[in-house]
Amino acid sequence: SDKKGVITGKSRRKGFSYKASSGCVYKYTFYPQSYCIIGANLKEKAQKAFDTLKSVFGYKNKLQAPRLTKVVLAVGTGGLIKKDKNKNDFVSGRLAKISGQKPTLRPAKKSISSFKVRQGDPIGVSVTLRGPRMYQFLDKFFNIALPRTKDFRGLERKIVDDIGNITISVKEHTIFPETADEELKDVFSMAVTIVSTAKNKEEGTKFYELIGVPFK
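Moving on: the overall build of the protein chain. Within the protein chain, the regular secondary structure consists of seven helices and eight strands. Expressed as a percentage of the 216 residues in the protein chain, the buried residues total 37%. Taking as baseline every contact in the protein chain between residues at least 6 positions apart, the subset at least 24 positions apart corresponds to 60%. Summing over all exposed atoms, the protein chain offers an accessible surface of approximately 13,500 Å²; the carbon and sulfur share of this is 52%.

Below, the structure is given as structure tokens:
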């Protein structure tokens, strides 16, 4: 490889291109190559849950401690699809950029005549993240995206439900750095659901505090 060269273009979001003295141009991107490094800190915290919480809940086995199972990003497009038939494709493209994984269309389970919806019509888009992509997304979500929300003061503790899961409403998808430059008419909201193995609300709240969820 030729070490002598010049950086021809640089972008905080996409990465940079490198032109070697031989004339060859190499392009480097920040995602998804760095996602495992970005999520490593959060994964470490989750793995240390047993050591921190065993004195509080009396755990005797590491498998008793809560663990993150999956993260689901969901967008409802039922009303938007009437105005723009290509809305599902647009939302799918943006979710793919945000999550690093291809989303799936969600069909209607039954027909509702008052909403002009037939069974099987695509009325939403969702993506389920597990493993390294899940940790990478949560690290970015807690430390970059949520603080960019207008008038953000932290999340309410009551968002943790009785079975230890969290559903966070995101009003504007532009809080994510991958889709920051978006026209106002294209902005959409989404729901981010974090699923864990916590047995109850108290256990879930302590676990989420430990991994860095920005509560008030």
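When glycine is set aside, most residues are seen to have a negative phi, and most peptide bonds are trans. Phi is positive for Asp151, close to 55°, though the residue is something other than glycine. Relative to the assigned elements, Asp151 resides in the loop between α6 (131-145) and β7 (166-170).

All right, on to the nonpolar core then. In this structure, Leu68, Leu73, Phe137, Phe141, Met190 and Tyr208 are the most contacted members of the largest nonpolar core, which totals 42 residues. Top contributing element to this core by residue count: α6, with seven residues. In this structure, Leu73 is in contact with Leu95, Ile98, Ser99, Val125, Ser126, Val127, Leu129, Phe137, Met190, Ala191 and Val192, ignoring residues within four places of it in sequence.

On to the confidence of the model for the protein chain. Summarising the model, the protein chain shows a mean pLDDT of 80, and 79% of its residues fall at 70 or more. Of the regions scoring below 50 in pLDDT, residues 1-14 engages in 36 contacts with residues more than four places distant in sequence or in other chains. Scored below 50 in pLDDT, residues 25-37 shows 29 contacts in the model against residues more than four places distant or in partner chains.

In the structure shown here, the tally under the stated rule is seven aromatic pairs. When the centroid spacing of 5.9 Å and the interplanar angle of 40° are considered together, the rings of Phe141 and Phe142 count as tilted. Taken as a pair, Phe141 and Phe142 share a single burial class, namely buried.

Moving on, we come to helix α5 (residues 87-99). Here α5 spans 18 Å end to end across 13 residues, near enough to the 18 Å set by a 1.5 Å rise per residue. Following α5 by one or two positions, Gly100 has its phi on the positive side, about 75°.

What follows concerns the sheet that holds β7. Here we have five strands laid out as an open sheet, ordered β5-β6-β4-β8-β7, and antiparallel in their pairing. With partners counted over all chains shown, the strands left at the sheet margins are β5 (104-107) and β7, one partner each. With direction set aside, neighbouring strand axes in the sheet form an average angle of 25°. One ladder, built from four bridges, connects β5 with strand β6 (residues 122-129); its direction is antiparallel.

Put simply, the largest pocket is a space of about 480 Å³. Along the wall of the largest pocket there are 19 residues; nearest its centre are Thr149, Lys150, Phe152, Ser169 and Lys171. A per-class count over the lining of the largest pocket returns seven nonpolar, five polar and seven charged.

Glancing now at the pairing of β6. Judged from the six bridges that link them, strand β4 (residues 68-76) and β6 form a sheet pairing that is antiparallel. Paired with Val72 across the bridge in β6 is Thr128.

Cut-offs used in this document
- Residues numbered from 1 in each chain as written.
- Predicted model: local features only at pLDDT ≥ 70, side-chain atom pairs only at ≥ 80, totals over all residues.
- Heavy atoms only, no water.
- Helix = DSSP H or I, 4+ residues; strand = E, 2+ residues; numbered from the N terminus.
- Buried < 20%, exposed > 50% of the residue type's maximum accessible area, 1.4 Å probe, protein only.
- Contact = heavy atoms within 4.5 Å.
- Areas by Shrake-Rupley, 256 points an atom, 1.4 Å probe, with all protein chains shown as cover.
- Core = buried A, V, L, I, M, F, W, Y, C linked by side-chain atoms within 4.5 Å.
- pLDDT = per-residue confidence, 0-100.
- Phe/Tyr/Trp six-rings, centres within 6.5 Å; stacked < 30°, edge-to-face > 60°.
- Expected span 1.5 Å × (residues − 1).
- Pairing = 2+ DSSP bridges.
- Axes fitted to C-alpha atoms, helices over the stretch in contact; angles between N-to-C directions.
- 1 Å grid on protein atoms, 1.4 Å probe; cavity = no way out; pocket = protein on both sides within 12 Å on 5 of 7 lines; lining within 4 Å.
- Points joined across faces, edges and corners; volume = space filled by probe spheres on them.
- Nonpolar A, V, L, I, M, F, W, Y, C, P; charged D, E, K, R; others polar.

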